[in-house]
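This is what each chain is made of:
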Amino acid sequence: MTGVRKGLAKVEFALRWDPSPAGTPASDLDIVAAVYGGADLHGTPVQLVHFGSRSPDGTITLNRDSHTGQGFGFDEVMTFELDRMGPDLRRVVVGVVIQSGGADAGAGGPARTFADIAGTGFRIREGHTDLAQGDFASVPSATAATVVEFTRDGSGAWSFEARLRGFDVDPEEFARVMGGVR
């Protein structure tokens, strides 16, 4: 599942999953985006965007947030205005993290994996063109996963590579390691 396309401008990352069965804690998946500057492409992100936040310059926005997966189609949507990002921002890594125990279980609940959540899927789109889509079946034991990386070349054009990589970490640790060298 890889793809490359030059000159991306405004891209949407959408996430879906099925609600938990009746009588079980709700599943809460969250989109996380880490933005890296040219001086440190794989270290500490200069911006971290997730539920309840947006990028300081307004170029990354979480348009839809779900705590249960209930709804029609895609439950969470994040928009990236790559063409408006400052020239010092060179890399954006987008991932998905499962909140431990689900939204209703609270902290300390058992860690859920992608195998525990039905109907997971994602779509990467620019305008009306789907650039990539998939699910999390290849990382069933992961509690978080990176999905796509956007990079800016020397001319300023943005491209992407969709590559699913699973992690077995909590949400806080995921934010620290998601952009590391593979």
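Just above sits the structure.
Residues numbered from 1 in each chain as written. Predicted model: local features only at pLDDT ≥ 70, side-chain atom pairs only at ≥ 80, totals over all residues. Heavy atoms only, no water.

**Student:** Can you lay out the packing of aromatic side chains for me, pointing to particular residues and giving the numbers?
**Tutor:** Under the criterion given, the structure shown has 6 aromatic pairs. Pairing F114 with F136 gives two aromatic rings, centres 4.4 Å apart and planes at 5 degrees, and the pair type is stacked. Of this pair, F114 sits in the loop between β6 (89-98) and β7 (121-126) while F136 is found in the loop between β8 (129-134) and β9 (144-152), placing the two residues 22 residues apart along the sequence. Consider the rings of F150 and F160, whose centres lie 6.5 Å apart with planes at 45 degrees: the pair is tilted. Here F150 is found in strand β9, whereas its partner F160 is found in strand β10 (residues 158-167), with 10 residues between them in sequence. (Phe/Tyr/Trp six-rings, centres within 6.5 Å; stacked < 30°, edge-to-face > 60°. Helix = DSSP H or I, 4+ residues; strand = E, 2+ residues; numbered from the N terminus.)

**Student:** Lay out the sheet that holds β9 with the relevant residues and their values.
**Tutor:** Taken in spatial order, the 5 strands line up as β3-β2-β6-β9-β10 in an open sheet, and their pairing is antiparallel. In this open sheet, the two strands that pair with only one neighbour each are β3 (47-49) and β10. If you compare each strand with its neighbour and ignore which way they point, the axes differ by 15 degrees on average. In the sheet, strand β2 (residues 29-37) pairs with β3 via 3 bridges, with the strands oriented antiparallel. Paired with A33 across the two strands is V49, which belongs to β3. (Pairing = 2+ DSSP bridges. Axes fitted to C-alpha atoms, helices over the stretch in contact; angles between N-to-C directions.)

**Student:** Any chance you could break down the nonpolar core for me, citing the residues and the numbers?
**Tutor:** Grouped together as the largest cluster of nonpolar side chains are 38 residues, with contacts concentrated most on F13, V92, I124, F136 and F150. If one sorts the elements of this core by residue count, β6 sits on top with 5 residues. When near neighbours in sequence (up to four residues on either side) are disregarded, F13 contacts I31, E76, V77, M78, F80, V94, V96, F122, R123, I124, V147 and V148. In terms of nonpolar packing, the next biggest core, distinct from the first, is built from 9 residues, A34, Y36, A144 and F167 among them. (Core = buried A, V, L, I, M, F, W, Y, C linked by side-chain atoms within 4.5 Å. Buried < 20%, exposed > 50% of the residue type's maximum accessible area, 1.4 Å probe, protein only. Contact = heavy atoms within 4.5 Å.)

Interpretation in functional terms is not warranted from these geometric data alone.
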